[in-house]
Amino acid sequence: MNKLMMAVMKTGLMKDGPVVLTVPGRTSGKPRSTPITPMTVDGRRYVVSGFPGADWERNARAAETATLTQGRRSETVRMVELSADEARPLLREFPTLVPTGVSFMQRSGLVTDGTPDEFEALAGRCAVFRFDPVTGAGRS
């Protein structure tokens, strides 16, 4: 399903929503791509890991930079993992800002009703990363 979603996203037809996150594999160094749905809060972009310990999450921790691709546009970013305290207010916003992610989290058993309180309780279990621009790295 991820491969199909990434192929559709590369066409450039989807202007909002999911993007492709590409990070080097932590052991192989080969590029690993996965679709994600970032959210924007106060002008900064974030992503919540929908499955604790997912490969992309572990690769992101090991990588210095990552690439975000939407359609034909790519951007190099640094992924900064937030502490549980920093993540709590963002997790509360997740059900409103990324409603498609709520059903994924319900199917994975992380939340039942998808309330802000349930998402806030995931702080420390589900990683939250902030995307910071990399100076000197361009957009294409």
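Description of the structure in this document. (Residues numbered from 1 in each chain as written. Predicted model: local features only at pLDDT ≥ 70, side-chain atom pairs only at ≥ 80, totals over all residues. Heavy atoms only, no water.)

So, the packing of aromatic side chains
Then step 1. For the structure on display, the rule yields two aromatic pairs.
Then step 2. Ring plane angle 50° and centroid distance 5.9 Å describe the contact between Trp56 and Phe129, whose orientation is recorded as tilted. With a gap of 73 residues between them, Trp56 in helix α2 (residues 55–62) and Phe129 in strand β7 (residues 128–133) connect regions that are remote in the sequence. We note that Trp56, like Phe129, is buried.
Then step 3. Ring centres of Phe94 and Phe119 lie 5.2 Å apart, and the angle between their planes is 40°; on these two criteria the pair is classed as tilted. Placement of Phe94 in helix α3 (residues 84–97) and of Phe119 in helix α5 (residues 116–120) is noted, with a sequence separation of 25 residues between them. (Phe/Tyr/Trp six-rings, centres within 6.5 Å; stacked < 30°, edge-to-face > 60°. Helix = DSSP H or I, 4+ residues; strand = E, 2+ residues; numbered from the N terminus. Buried < 20%, exposed > 50% of the residue type's maximum accessible area, 1.4 Å probe, protein only.)

Section: the sheet that holds β7
Across a sheet, paired strands are connected by hydrogen bonds in the backbone, their directions being either parallel or antiparallel.
Then step 1. Read across the sheet, seven strands follow the order β2-β1-β5-β6-β7-β4-β3 without closing on themselves; strand pairing throughout is antiparallel. Of all strands in the sheet, those bounded by a partner on one side alone are β2 (31–36) and β3 (39–41). Between one strand and the next, the sheet's axes are offset by a mean angle of 40°, whatever the strand orientation.
Then step 2. Here α2 sits on the sheet and contacts β1 (19–24), β2, β4 (44–48), β6 (73–81) and β7; the angle it forms with β1, its principal contact strand, is near 55°.
Then step 3. Here α3 sits on the sheet in contact with β3, β4 and β7, set at roughly 125° to β3. (Pairing = 2+ DSSP bridges. Axes fitted to C-alpha atoms, helices over the stretch in contact; angles between N-to-C directions. Contact = heavy atoms within 4.5 Å.)

Digging into the side chain of Glu75
Then step 1. By secondary structure assignment, the location of Glu75 is in strand β6.
Then step 2. Judged by its relative accessible area of 6%, Glu75 falls in the buried class.

Describing the pairing of β6
Then step 1. Sheet analysis places strand β5 (residues 66–70) next to β6, joined by five bridges and oriented antiparallel. By the bridge assignment for β6, Ala66 is matched with Val77.
Then step 2. Counting the residues between successive antiparallel strands, the hairpin from β5 to β6 contains two residues, one of them, Gly71, with a positive phi of roughly 65°.
Then step 3. In this sheet, β7 lies alongside β6 in antiparallel orientation, the contact comprising five bridges. Paired with Val80 across the two strands is Arg130, which belongs to β7.

The quantities given are spatial measurements derived from coordinates; they are silent on function.
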